[in-house]
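Overview (structure and organization)
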Amino acid sequence: MAHAAFSPKPIIEPKVAISAFLKDMTKAAKRTFPAWEKTLVAGLEDCTLSYDQRRAILEIHPLDDYYLAGVIALEAANIRALFAPDEASELMSVLAEHVDAAAERTDRVVSDMVFLIVNKIELVRGIDKTKLPYDQVVKAILQRLGVDKVEATCHLLTEPAYRHSLGEPLALGVPDWWKTFQSKYKITGDIENAPREIRVETLKVAPTPHVEAPKKPRRAVAFV
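Below or above, wherever it landed, is the structure these notes cover.

Procedures and definitions
- Residues numbered from 1 in each chain as written.
- Predicted model: local features only at pLDDT ≥ 70, side-chain atom pairs only at ≥ 80, totals over all residues.
- Heavy atoms only, no water.
- Helix = DSSP H or I, 4+ residues; strand = E, 2+ residues; numbered from the N terminus.
- Buried < 20%, exposed > 50% of the residue type's maximum accessible area, 1.4 Å probe, protein only.
- Polar contact = N/O pair within 3.5 Å; in protein donor to acceptor, adjacent residues only side chain to side chain.
- Arc of directions from axis to C-beta.
- Contact = heavy atoms within 4.5 Å.
- Phe/Tyr/Trp six-rings, centres within 6.5 Å; stacked < 30°, edge-to-face > 60°.
- Lys NZ or Arg CZ within 6 Å of the ring centre and 35° of its normal.
- Axes fitted to C-alpha atoms, helices over the stretch in contact; angles between N-to-C directions.
- Left-handed = near helix turned anticlockwise from the far one by under 90°.
- Nonpolar A, V, L, I, M, F, W, Y, C, P; charged D, E, K, R; others polar.

This part is about the side chain of Thr180. Of note, Thr180 is situated in helix H9 (residues 177–184). Residue classification places Thr180 among the buried positions, given a relative accessible area of 16%. There is a polar contact of 2.9 Å between the side chain of Thr180 and the backbone oxygen of Asp176.

On to H9, then. Listing the buried residues of H9 in full gives Trp177, Trp178, Thr180 and Phe181. For H9, the buried positions fall inside an angular range of 160° around the axis, keeping them on one side. The inward-facing, buried residues of H9 contact helix H1 (14–45), helix H3 (63–76), helix H4 (79–82) and helix H5 (85–102).

Taken as a whole and assessed by the stated rule, the structure comprises eleven aromatic pairs. Seen in terms of ring centroids, Trp178 and Phe181 are 5.3 Å apart; in terms of plane orientation they differ by 75°. Their pairing is edge-to-face. Taken together, the residues Trp178 and Phe181, both in helix H9 and three residues apart, mark about one turn of the helix. When sorted by exposure, Trp178 lands in the same class as Phe181, which is buried. Taking the centre distance of 5.3 Å and the plane angle of 35° together, the rings of Phe181 and Tyr185 count as tilted. For the pair Phe181 and Tyr185, a shared accessibility class is recorded, and that class is buried. Through a chain of ring-to-ring contacts, the aromatic side chains of Phe21, Phe83, Trp177, Trp178, Phe181 and Tyr185 assemble into a single cluster. Here the basic side chain of Arg144 rests over the ring of Tyr66, its NZ or CZ set 5.9 Å away from the ring centre.

Looking at the element boundaries, Leu58 is found in helix H2 (residues 51–58). Taking C-alpha positions, Leu58 is 9.3 Å from Leu40, a pair spaced 18 residues apart along the chain. Once residues lying within four places of it in the same chain are set aside, the contact partners of Leu58 are Leu40, Val41, Leu44 and Leu63.

The next subject is the packing of H1 against H9. The interhelical angle for the contact between H1 and H9, taken along N-to-C directions, is 145°, at an axis separation of 11 Å. Taken as a pair, H1 and H9 cross one another with a handedness that is right-handed. On H9, the residues touching Ala17, Ile18, Ala20, Phe21, Asp24 and Met25 of H1 are Trp177, Trp178 and Phe181. Tallied by class, the residues present in the contact of H1 with H9 amount to eight nonpolar, no polar and one charged.

Written out as structure tokens, the structure reads:
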């Protein structure tokens, strides 16, 4: 009986992979940011904030850029777990080089936050696998906004229900990108004839599966 010929995975250069990744994460961020921002504002409106305090949180900070950094970091945190150390290092290096430009920034606001969050997710993942990566994103953004430094809002940082609501757009709307990429492509090998572009839609990435909200306060430990 004849066997089907083995078809090796195409080789994709790291910079090509990162370019496609950033395009898809940017689309995911734009699609889910309105729901996230609505939840953020609703929580703050329930707090007794002065005009200056509210402005310091909602108007001075680039909320959409922080959120984009969170979306990118949430999925970039999977790179080191999925790829060999040298491959992961190259991908992360290229990501650091291009992420601010992809966010249309000339400073390092987005890249610094991306790697801050990635490190937080990786650290927590190594200590307690029950703590959810998207919640680390939410916590990092709230801290960057200074929510924990204002008496009227500091309780939001430790409210499981509120942080879960903020995390839901991330949990539902960020594609499982790198796992899908790894199943279709390689990033090492002879790249002389490697494709110079990836059509993001060819990956057919699906959103991360739904994560149920905690039903009782006893799960608050996952948000510490």
